[in-house]
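Tertiary structure, described
Here's the letter readout for the chains.
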Amino acid sequence: MYVLGIETSCDETAASVVKDGEHILSNVIAGQSEIHSRYGGVVPELAGRAHIDHIHSVVYSAVVEANIKLSEVDLIAVTQGPGLAGSLLVGLNFAKGLAYALKKPVIGINHLEGHLTAIFLQEAIAFPYIALSVSGGHTDLYRVDGFGHYKLLGQTRDDAAGECFDKVAKMMGLPYPGGPVIEKLARSGDSTAHPFPRSFLQKGSLDFSFSGLKTSVKNFLQTRQNEKGLKLSDADIAACFQTAVVDVLVAKLLSACKQERACRAVITGGVAANSALRQHAENELKRHSIDVCFPKPVFCTDNAAMIAIAGYHRYKEEPVDLKNAFELDALASLAL
Ligand code: KG4
Ligand code: ZN
């Protein structure tokens, strides 16, 4: 069964063909960082227009790379939400048009479901597991008991961790997206030079909050002086900030695993590409006999292969017919 995945929830136009829910035949992604970089974040109107420019060639490339004919596609899986309304609409309407022309069914997929199950793009792991999905738009902890079976354990009450990386980078005059730039800078910095606050909220809470940390970095940047009166470099500030984020993410993930008595964890989403997070999570969770795995960076960030694979499993559980395509609507705040 050939599933064509289409993803346009934020600033990546992506399409992928996955065979039988496991063989990735193509995974095409057209990013827009150069468009949004000068604004320090994604500009929704520009993102929607860029999707319109790219969607046709991205889908076409995905089909050509997969070495199949468009008519061989059995199912179209498209991100229905959550995301930017204008961006979602481009992918969704393209999928509907294609479905109409090909007389093939379309299934709407929740973007978060794609991230939570992206690990299956590289290996089949056993359920249940705790997933930390951490990106520019979300910071969530879920218990995953199977495809379509997700229990929310905690989420951010304000900024997402990736958003915090992006905003701190902007305050430091660094380009968008901030995460990779801060990670690179942090490699040559002293992460113990200044203790930025770690917000753990009430005892036992699995929710996150990053707005206090962001404000703390903003205030610190006015003097750059630590308690010993030393002026910190950009690299030191990046390292101290990154450590504060990573400490909280790993501590909450560990608490979630303990609460749910889970012995497996997955870290996914754009921020999961961060090597400090990977290393700290591996060390900490291993100490508690919990296995942790990460999708490859290309599967951590937004991609359509994760949408295709989620669509495949959804369709197996509950097939949809062609009529379903025309009832689908983009839902910017779609809940899982
Ligand atoms: O999953 P994603 O591609 O798109 C969203 O759904 O948001 O994640 C993008 C986010 C951005 O905020 C970016 O700064 C962050 O992931 N990010 C990173 C790294 N690479 C990307 N954050 C920290 N370290 C990284 N290496
Ligand atoms: Zn995402």
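Cut-offs used in this document
- Within any chain, residue numbers begin from 1 and follow the written order of that chain's sequence.
- By the order in which they are written, chains take letters starting at A while ligands take numbers starting at 1.
- In view of the model being predicted, local features appear only for residues whose pLDDT reaches at least 70, and side-chain atom pairs are presented and counted only at 80 or more, with totals across whole chains, interfaces and linings using the full set of residues.
- Neither water nor hydrogens contribute to the side-chain values; these are computed over all heavy atoms in the structure.
- A donor here means any N, O or S atom no more than 2.8 Å from the metal (3.2 Å for Na, K and Ca); water is not included, so a site may seem to lack partners.
- For four-coordinate sites, all angles between 85 and 135 degrees define a tetrahedron; for four- and six-coordinate sites, opposite donors beyond 155 degrees with the remaining angles between 65 and 115 define square planar and octahedral shapes respectively, and all other cases count as irregular.
- By the criteria applied, helices consist of DSSP H or I runs no shorter than four residues and strands consist of E runs no shorter than two, each listed in order from the N terminus.
- Exposure categories follow from relative accessible area, calculated using a 1.4 Å probe and restricted to protein chains: below 20% of the type maximum is buried, above 50% is exposed, and the middle band is partly exposed.
- What is meant by a nonpolar core is a set of buried Ala, Val, Leu, Ile, Met, Phe, Trp, Tyr and Cys residues, joined one to another through side-chain atoms within 4.5 Å.
- Should any heavy atoms of two residues lie within 4.5 Å, those residues are considered in contact.
- Pairing between strands is defined by DSSP: at least two bridges between the two strands are required.
- Fitted lines through C-alpha atoms give the axes, limited to the stretch in contact for helices. The angle between two N-to-C directions lies from 0 to 180 degrees.
- Just so you know how the angles are binned, under 35 degrees is roughly parallel, over 145 roughly antiparallel, 65 to 115 roughly perpendicular, and the rest oblique.
- Only Asp, Glu, Lys and Arg are considered charged in this grouping, and only Ala, Val, Leu, Ile, Met, Phe, Trp, Tyr, Cys and Pro are considered nonpolar; every other residue, Gly among them, is considered polar.
- Here, two cysteine sulfur atoms that lie within 2.5 Å of each other are counted as a disulfide.
- Any residue with a non-hydrogen atom lying within 4 Å of a molecule or strand is treated as near it.
- Polar contact is defined as a pair of N or O atoms within 3.5 Å, subject to the rule that within protein one atom must be able to donate a hydrogen and the other to accept it, and that residues adjacent in sequence are counted only when both atoms are side-chain atoms.
- Method for areas: the Shrake-Rupley scheme with a 1.4 Å probe, in which residue coverage is limited to the protein chains shown.
- Patches here are clusters of residues that have more than 30% relative accessible area and form no salt bridge, with a 9 Å joining cutoff for like charges and a 5 Å cutoff for nonpolar side chains (Val, Leu, Ile, Met, Phe, Trp, Tyr).
- A pair is scored as a salt bridge if a Lys or Arg side-chain nitrogen falls within 4 Å of a carboxyl oxygen belonging to Asp or Glu.
- The charge count treats Lys and Arg as positive and Asp and Glu as negative. His and the chain ends do not count.
- The location of each charge is read from NZ of Lys, CZ of Arg, CG of Asp or CD of Glu.
- The crossing is said to be left-handed when, going from far helix to near helix, the turn is anticlockwise and less than a right angle, and right-handed when the turn is clockwise.

**Here we look at the coordination of the zinc ion (ligand 2)**
Distances from the zinc ion (ligand 2) to its protein donors, namely His 111 (NE2), His 115 (NE2) and Asp 302 (OD), fall within the range 2.0 to 2.2 Å. Around the zinc ion (ligand 2) sit 4 donor atoms, and with donor-metal-donor angles ranging over 91 to 149° the site reads as irregular. Expressed as a motif, the donor residue spacing for the zinc ion (ligand 2) is H-x3-H-x186-D. Linking His 111 with His 115, this pair stays in helix H4 (residues 111–117), spanning 4 residues, or about one helical turn. Across this residue pair, the class does not change: His 111 and His 115 are buried.

**Let's talk about the nonpolar core**
Among the nonpolar cores identified, the biggest contains 51 residues, and Phe 241 and Ile 267 are the most heavily contacted of them. Where this core is concerned, the elements lending two or more residues are strand S6 (129–134), helix H5 (161–171), helix H6 (178–186), helix H7 (211–223), helix H8 (234–260), strand S9 (264–268) and helix H9 (275–287). No other element matches the 15 residues that H8 contributes to this core. In contact with Ile 267, other than residues within four places in its own chain, are Leu 132, Val 134, Leu 253, Ala 272, Leu 277, Ala 281, Val 292, Cys 293, Phe 294, Pro 295 and Cys 300. If you look at the next biggest cluster of nonpolar residues, it comprises 30 residues, including Ala 77, Ile 125, Tyr 129 and Cys 293.

**What to know about the sheet that holds S6**
The strand order S8-S7-S6-S9-S10 describes an open sheet built from 5 strands, whose pairing is mixed. Unpaired on one side and paired on the other, strand S8 (149–155) and strand S10 (291–293) mark the two borders of the sheet. Neighbour-to-neighbour, the strand axes of the sheet open up by a mean angle of 25°, direction not taken into account. In terms of strand pairing, strand S7 (residues 139–146) meets S8 through 6 bridges, oriented antiparallel.

**Focus: the packing of H5 against H8**
Axis separation between H5 and H8 bottoms out at 11 Å; the angle between their running directions is 175°. Taken together, the axes of H5 and H8 are roughly antiparallel relative to one another. Contact residues: Ala 161, Cys 164, Phe 165 and Val 168 in H5; Phe 241, Gln 242, Val 245 and Leu 249 in H8. Of the residues in the contact of H5 with H8, the class split is 7 nonpolar, 1 polar and no charged.

**Notes on the state of the cysteines**
The tally for this structure, following the rule as stated, stands at 0 disulfides. Cys 293 takes part in no disulfide bond, and the closest cysteine sulfur to it belongs to Cys 300, at a distance of 10 Å.

**Thoughts on the site of ligand 1**
Near ligand 1 you find 21 residues, and of these Gly 136, Asp 166, Gly 179, Glu 183 and Asn 274 are the closest. Contacts to ligand 1 include Gly 270, whose backbone N or O atom sits 3.1 Å from an oxygen atom. Asn 274 places a side-chain nitrogen or oxygen 3.0 Å from a nitrogen atom of ligand 1. Taking 550 Å² as the accessible area of ligand 1 by itself, protein coverage stands at 90%. Listed by contribution, the elements that provide at least two residues to the shell around ligand 1 are H4, H5 and H6.

**Brief notes about a negative patch on the surface**
A grouping of Asp 20, Glu 22, Glu 72 and Asp 74 is seen on the molecular surface, where their side chains present a negatively charged patch. Relative to the helices and strands, Asp 20 is located in the loop between strand S2 (12–19) and strand S3 (23–31). Look at Asp 20 and you get partly exposed, because its relative accessible area is 32%.

**Examining the packing of H5 against H7**
Where H5 meets H7, the axes come as close as 10 Å, and the angle between the chain directions of the two elements is 10°. What the angle tells us is that H5 and H7 run roughly parallel. Handedness of the H5/H7 crossing: right-handed. For the pair formed by H5 and H7, the contact residues are Cys 164, Lys 167, Val 168 and Met 171 on the first element and Leu 213, Lys 214, Val 217, Lys 218 and Leu 221 on the second. Split by residue class, the contact of H5 with H7 holds 6 nonpolar, no polar and 3 charged.

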